[in-house]
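Reading the structure
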Amino acid sequence: MPNPPSGTATPGRVRVRFAPSPTGFLHVGGARTALFNWLFARRHGGTFVLRIEDTDQERSTEESVRTILEGLGWLGIDWDEGPFFQSRNVQAHRALALRLLEERKAYYCFCSAAELEARRAAAEKAGSAWKYDRLCVNLSPEEARRRLQGGEPAAVRFLVPEGTVAWDDLVHGPTSFDSAVLEDIVLLRSNGSPTYNLSCVSDDVAMRVTHVIRGDDHISNTPKQILLYRAAGLEPPRFAHLPLILGPDKKRLSKRHGAVSVTEYRDKGYLPEAMFNFLALLGWSPGEGREKMTRDEMIAAFRLEDINKKGSVFDEQKLEWLNSQYINDLAPERIVALVRPQLEAAGLLSADIEEGGARRAWFLKVITTLKARSKRLPDFVRDARPFLTDDFEYSEDAVKRYLGTDGNRMRALRAAFETVEPFTEEATEKALRALAESRGDKAADYIHPLRVALVGTAVSPGVFTILILIGKERALRRIDRLIAFLDSRATAT
RNA sequence: GGCGCUAUCGUCUAGGGGUUAGGACGGAUGGUUCUCAGCCAUCAGACCGGGGUUCGAAUCCCCGUAGCGCUACCA
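Before going into details, it helps to say that this report is about the structure given with it.

The rules behind the values
Residues numbered from 1 in each chain as written. Chains lettered and ligands numbered in written order. Predicted model: local features only at pLDDT ≥ 70, side-chain atom pairs only at ≥ 80, totals over all residues. Heavy atoms only, no water. Near = heavy atom within 4 Å. Polar contact = N/O pair within 3.5 Å; in protein donor to acceptor, adjacent residues only side chain to side chain. Helix = DSSP H or I, 4+ residues; strand = E, 2+ residues; numbered from the N terminus. Nonpolar A, V, L, I, M, F, W, Y, C, P; charged D, E, K, R; others polar. Pairing = 2+ DSSP bridges. Right-handed = clockwise from strand over helix to strand, strands pointing away. Buried < 20%, exposed > 50% of the residue type's maximum accessible area, 1.4 Å probe, protein only. Axes fitted to C-alpha atoms, helices over the stretch in contact; angles between N-to-C directions. Parallel < 35°, antiparallel > 145°, perpendicular 65-115°, else oblique. Contact = heavy atoms within 4.5 Å. Phe/Tyr/Trp six-rings, centres within 6.5 Å; stacked < 30°, edge-to-face > 60°. Lys NZ or Arg CZ within 6 Å of the ring centre and 35° of its normal.

A separate point is the protein's contact with RNA strand B. Taken together, the neighbourhood of RNA strand B is formed by 61 residues, with R189, K251, R373, H448 and R451 sitting nearest. What you see for RNA strand B is that sugar and phosphate hold 74% of its atoms within 4 Å of the protein. Within the side chain of R252, a nitrogen or oxygen atom sits 3.0 Å from a phosphate oxygen of RNA strand B. Taking W321, its side chain carries an N or O atom lying 3.4 Å from a phosphate oxygen of RNA strand B. Only α4 (113-125), β5 (155-158), β7 (173-178), β12 (312-313), α11 (316-329), α15 (396-402) and α18 (444-455) provide two or more residues apiece to the surface near RNA strand B. In terms of residue class, the surface near RNA strand B is built from 20 nonpolar, 21 polar and 20 charged.

This is the structure in structure tokens:
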């Protein structure tokens, strides 16, 4: 049972929302925002609402909605209400704008995009910062109505009142803006569609959102929204602005930094629990140097006050390390279930290693010996290959480093192994070492080529371990194959 | 340009008027050993700069500087 909410929460039930726009995949920044909202809601026994901000009809796609839901689902971030689609609420958004219009807190603006652009260019040329010049602010309602009826298109602008706008940001502390720096923002476009700030406020009110937790690229939208709440006579929610996730160049993480979509990380073989844990630690720390934590531990420890203000670089190496930690905790059965599709795709899946199959137990042993050295799921597929098929090559590196010019040692080893019974790790190791000693060689002179014979690579788990896993019969065949390879090489040169 | 936000090891961070400035990833070295990984041990590595306040500042204040974000009839 988590402790009662700490002082940050306003009284009453916590309601938060994640509001992605479906114009692409779920990127890690968005995922982290969702995650923090989720953690906060769970911590306070509140409600997590999912709202899809699809009002940009040009760029929003259903496919994108699907991948966002898929990404959240993969991470185990579930929502209590929604998904709601913002586009369904445009009537409410418009009604709010119309109400402000009625109360003279907003006004019609007939300036066309081209006129605006011209005036802006002129202002910039003159070296002054451009802000909408309020050309239409004093139009009488009668004149506005007349021009509207005459078919002239008009946008609705919010009349920004004078004064300062301040709020106590839950992560940044007291923050304020002079409203003089704000221009009269467009609420309704000339085609009648609502703009972001209007829709956002309208929906947050409708959904009774108590805490807006979002990226700090929204800090400059916050005063506009607070002003809108005030104009509507509504109490604004609390705001918490999260630091951005950065690429290695300290710029906001984007596609040119490589993978930014959570599904890409899934496909690269990261575990959702590792990704979740890693993302939670980006900008948040529970203190005490805790790194690897369960979801419940994170929920219990989560406090907005502990979120730091500095943007954090996404360090995939650390993600990989965390992932390896999580992989290590996984039961072999779970690992098999996770890599099964890739095994199948690689043509390595056979009935006898499936659940209930004759070699199931054996295969679980293979996975177990591979576990400690695996950082990502595909590592298993790569490393399990020589256990599942004879179809593998000798790596160039292994050949260069460990293969001599003739097969004599391997011939001797093969003969020695042939008589080892039972064929155990201890017995085979003893036989190999005895053989090496009797011939005045080092054990390594046999061990390394043997590894190449067995798995084709210069690196693997302990040779005797894999030797037993592969089994006497197959091992002898593979030694034969290496001898043949060595002999053909000898005659070729 | 305007406005805003930020500033502790390479990276993620803890700490916060008096500390050997702590941990994790990554790096280096050594150990285990048949390789690599793992594991264990050790090491290197930071308070952006300048002024204040103070007996004492990385910590509080101011001023710089730098980085980032926003500056749409996108969200």
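The next point concerns the pairing of strand β3 (residues 81-85). Relative to β3, strand β2 (residues 47-52) is paired through 3 bridges, and the arrangement is parallel. Pairing of V49 across the sheet is with E81, part of β3. A crossover connection joins β2 to the parallel β3 through helix α2 (residues 62-75); in handedness this β-α-β unit is right-handed.

By the secondary structure assignment, L98 is in helix α3 (residues 90-102). Given the relative accessible area of 37%, L98 is considered partly exposed.

Two packed helices can be described by the angle between their axes and the distance between those axes. Running from N to C, helix α17 (residues 425-438) and α18 cross one another at 130°; their axes reach a closest spacing of 9 Å. Judged on the interaxial angle alone, α18 and α17 are oblique. Here α17 contributes L432, R433, L435 and A436 to the contact with α18, which in turn contributes Y446, I447 and L450. For the contact of α17 with α18, the class distribution of residues is 6 nonpolar, no polar and 1 charged.

For the rest of this paragraph, the subject is the packing of aromatic side chains. Counted under the stated rule, the structure contains 11 aromatic pairs. Taken together, a centroid distance of 6.4 Å and an interplanar angle of 65° make the contact between W167 and F239 edge-to-face. Of this pair, W167 sits in strand β6 (residues 164-169) while F239 sits in strand β10 (residues 238-242), and the two are 72 residues apart along the sequence. In this structure W167 comes out as buried when scored by relative accessible area, which is 9%. Its relative accessible area of 2% is what places F239 among the buried residues. Considering the side-chain rings of F278 and F314, the 5.1 Å spacing of their centres and the 85° angle between planes classify their relative orientation as edge-to-face. Here F314 lies in the loop between β12 and α11 and F278 lies in helix α9 (residues 272-280), a separation of 36 residues in the sequence. Exposure class is identical for F278 and F314. Each is buried. Members of the aromatic cluster, connected to one another through ring pairs, are Y265, Y270, F278 and F314. When the ring centre of F276 is taken as reference, the NZ or CZ atom of R295 above it lies at 4.0 Å. Its guanidinium or amino end placed over the ring of W362, R359 lies 4.3 Å from that ring's centre, counting from NZ or CZ.

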